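One-letter residues, chain by chain:
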Amino acid sequence: MRLGIISALYEEQQGLVEAMERPYKLIHGEREYWLGQLWEIDAVCVLSRIGKVAAALTAATLVEKFGVTHILFTGVAGAGDKTVQVGDIVVAESLVQHDMDASPLFPRFEVPLTGLTHFPADHRLGARLMDAAQSFLDNDFEEAIDPLEKAAFHLSRPRIHRGLIASGDQFVNDREHINGLNAALPGLVAVEMEGAAVAQVCHELGLPCAVIRTISDNANENAATDFMRFVKSVAARYAFHIVRRFCLETEETIVQASSEAAGV
Ligand code: ADE
C-alpha cells in the first residue's frame, strides 16, 4: 500500500509532513510532494491548492508519477444540511460535482460521457475513516483543541456523518444557494471544492479513494468569518489526529492480514 494524502490548505498538511519519517521532497507541476513513512505507512503528502482542476491534477499525478495505491483527501467543508454543525466530521459515501450542468444535453450534475452524477468513495476506507474519526473524538478531541477555541466555535459534542459531498468551484456563502443544493441533492451533508474531482479521477483510474472533512461553516453569509482561525486552531488538529489514527489502524490491519496469510 502507498497512501496519497491530499490536503487543500497548508495548515492541514504541515503537521503531517512534520510527523513523517525520512521525509523526501519532490517538486512537480508547481506542487511539493512529500514522500516518507507516516506511522509505518508508506505515504505521499501533497497540497492540492483549491478547486476541482487543482485537485484532479494532484490526484492524477499522485497515481501516475508517485504510484500511490489509495488516496485520502482531508479538508474543511460547509454544512450541507441543517443536521450538520460546525465542528462535525463528514465522511463521503459518494461525491457529486454540483456546478456540472450540461443540460439539456445531459441531466443536471451528470459528468458528460461517464453516465454518472455520483462518484463512489471506497466503502472500506470510509469505514476505517469513520473508526479513526470516532477514536479521535473519544480520545483526542478534549486535549487537542484549545478550550478557548472550543468556546469560540461552540464545539461541544461533535458528531460524525456519512453521506453525499458536493464539490464545485465556488465558496458557497449564500443561504438560498445552499438550500437549493440541499433540495436538489438528497442525502447532502457537505459542500466543498475538490472531493468530487478526486473521486472522478480515482474512479476512472480504478483506485480507492476516501474524503473526510471538518465542517467549518454553514455555507451562508457568515461562512468566511473566522475561516482561517478555524482551519488553524480546529481543522488542522482534527486532520492530524484522524490521519494518525487511520494510519495506525491501517498498519494493524495489514500486519494482521499478513500474519493470517502466513498462517501465524
Ligand atoms: N470549504 C469550507 N467551507 C466551504 C463553503 N462554504 N463552500 C465551499 N467550500 C468550502
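Each value, and the rule that gives it
- Residue numbering note: each chain is counted from 1, following its sequence as written.
- Only residues with pLDDT of at least 70 are given local features in this predicted model, and only at 80 or more are side-chain atom pairs given and counted; all residues enter the totals for whole chains, interfaces and linings.
- Hydrogens and waters are ignored; side-chain quantities use all the structure's heavy atoms.
- UniProt positions are given in the numbering used here, feature names are shortened, and annotations may be inferred rather than shown by experiment.
- Under the scheme used here, helices are H or I runs from DSSP no shorter than 4 residues and strands are E runs no shorter than 2 residues, and both carry numbers assigned from the N terminus.
- What makes two residues a contact is simply this: any of their non-hydrogen atoms within 4.5 Å.
- Near residues are defined by distance, with any heavy atom within 4 Å of the molecule or strand qualifying the residue.
- Polar contact is defined as a pair of N or O atoms within 3.5 Å, subject to the rule that within protein one atom must be able to donate a hydrogen and the other to accept it, and that residues adjacent in sequence are counted only when both atoms are side-chain atoms.
- Only the protein chains shown count as cover for residues, and all accessible areas are computed by the Shrake-Rupley method using a 1.4 Å probe.
- All amino acids are sorted into three groups, where Ala, Val, Leu, Ile, Met, Phe, Trp, Tyr, Cys and Pro are nonpolar, Asp, Glu, Lys and Arg are charged, and the leftover types, Gly among them, are polar.
- Salt bridge criterion: a side-chain nitrogen from Lys or Arg within 4 Å of a carboxyl oxygen from Asp or Glu.
- Buried, partly exposed and exposed residues are distinguished by accessible area as a fraction of the type maximum, computed with a 1.4 Å probe on protein chains only: under 20%, between the cut-offs, and over 50%, respectively.
- Only rings of Phe, Tyr and Trp enter the pairing, Trp through its six-membered ring, and a pair is recorded when the two centres are within 6.5 Å. The plane angle decides the type: under 30 degrees is stacked, over 60 is edge-to-face, the rest tilted.
- Throughout, nonpolar core names a set of buried Ala, Val, Leu, Ile, Met, Phe, Trp, Tyr and Cys residues whose side chains join them through atoms within 4.5 Å.
- Being paired, for any two strands, means DSSP has found at least two bridges between them.

The protein chain is annotated in an unreviewed UniProt entry as adenosylhomocysteine nucleosidase from Massilia haematophila. Regarding the protein chain, the relevant UniProt record gives this comment under Pathway (unreviewed entry): "Amino-acid biosynthesis; L-methionine biosynthesis via salvage pathway; S-methyl-5-thio-alpha-D-ribose 1-phosphate from S-methyl-5'-thioadenosine (hydrolase route): step 1/2."

By the element assignment, Phe 153 lies in the loop between helix 4 (147-152) and strand 8 (160-167). For the pair Phe 153 and Phe 141, spaced 12 residues apart in sequence, the C-alpha separation works out to 14 Å. Ignoring anything within four residues of it in the chain, the contact list for Phe 153 reads Val 86, Asp 226, Arg 229, Phe 230, Ser 233 and Val 234.

Take the site of the ligand next. For the ligand, the set of nearby residues contains 13 residues, the closest of which are Gly 78, Phe 171, Val 172, Glu 192 and Asp 217. In this structure, a nitrogen atom belonging to the ligand sits 2.8 Å away from a main-chain N or O atom of Val 172. Asp 217 is positioned such that a nitrogen or oxygen atom in its side chain is 2.6 Å from a nitrogen atom of the ligand. Considering the ligand on its own, with 260 Å² of exposed area, one finds that the protein chains cover 96% of that surface. Every element with two or more residues in the shell around the ligand is listed here: strand 5 (70-79), strand 9 (188-192) and strand 10 (209-217). The biggest single contributor to the shell around the ligand is strand 5, with three residues. For the shell around the ligand, a count of residues per class yields eight nonpolar, three polar and two charged.

Attention shifts here to the pattern of salt bridges. Pairs may arise between side chains of opposite charge once their charged atoms sit close together. Considering all chains together, one arrives at 12 salt bridges under this definition. Two residues, Arg 2 and Asp 42, come together in a salt bridge whose shortest N-O distance is 3.1 Å. On the criterion of sequence distance, the pair formed by Arg 2 in the segment before strand 1 (3-7) and Asp 42 in strand 4 (residues 41-47) is long-range, its members being 40 residues apart. By relative accessible area, Asp 42 is classed as partly exposed at 25%.

Here the focus is the packing of aromatic side chains. With the rule as written, the count across this model stands at seven aromatic pairs. Note on Trp 39 and Phe 240: the rings are 5.6 Å apart at their centroids and 70° apart in plane angle, and the pair reads as edge-to-face. Of this pair, Trp 39 sits in the loop between strand 3 (31-38) and strand 4 while Phe 240 sits in helix 7 (residues 227-261), and the two are 201 residues apart along the sequence. Here Trp 39 falls in the buried class, since its relative accessible area comes to 18%. On the basis of relative accessibility, which here comes to 22%, the residue Phe 240 falls in the partly exposed class.

Now for the nonpolar core. Counting residues in each nonpolar core, the largest one holds 75 residues, and the members touching the most others are Leu 38, Ile 71, Ile 89, Tyr 238 and Ile 242. With 10 residues, helix 7 is the single largest residue contributor to this core. If near-sequence neighbours (up to four positions away) are discounted, Ile 242 is found in contact with Ile 89, Leu 129, Ala 132, Ala 133, Phe 136 and Ile 212.

Before going further, it helps to examine the UniProt feature "domain: Nucleoside phosphorylase" (unreviewed entry) in the protein chain. In the UniProt entry, the feature "domain: Nucleoside phosphorylase" (unreviewed entry) is given for residues 3-245. In this annotation, residues 3-245 is assigned 37% helix and 30% strand; the end-to-end C-alpha distance for the span is 14 Å.

Time to look at the pairing of strand 5. In terms of burial, strand 5 is a largely internal element, nine of the 10 residues being buried. Where strand 5 meets strand 10, eight bridges bridge the pair, whose relative direction is parallel. Residue pairing across strands places Gly 78 opposite Asp 217, the latter belonging to strand 10. Pairing geometry for strand 5 and strand 9, over two bridges, is antiparallel. Note on strand 9: the bridge partner recorded for Gly 78 is Val 191.

The residue His 98 is located in the loop between strand 6 (89-97) and strand 7 (118-120) in this model. By relative accessible area, His 98 is classed as buried at 4%. For His 98, the side chain forms a polar contact with the main-chain nitrogen of Gly 168, separated by 3.4 Å. Setting aside anything within four residues of it in sequence, one finds His 98 in contact with Phe 109, Ala 166, Ser 167, Gly 168, Gln 170, Val 172, His 177, Leu 181, Leu 185 and Glu 192.

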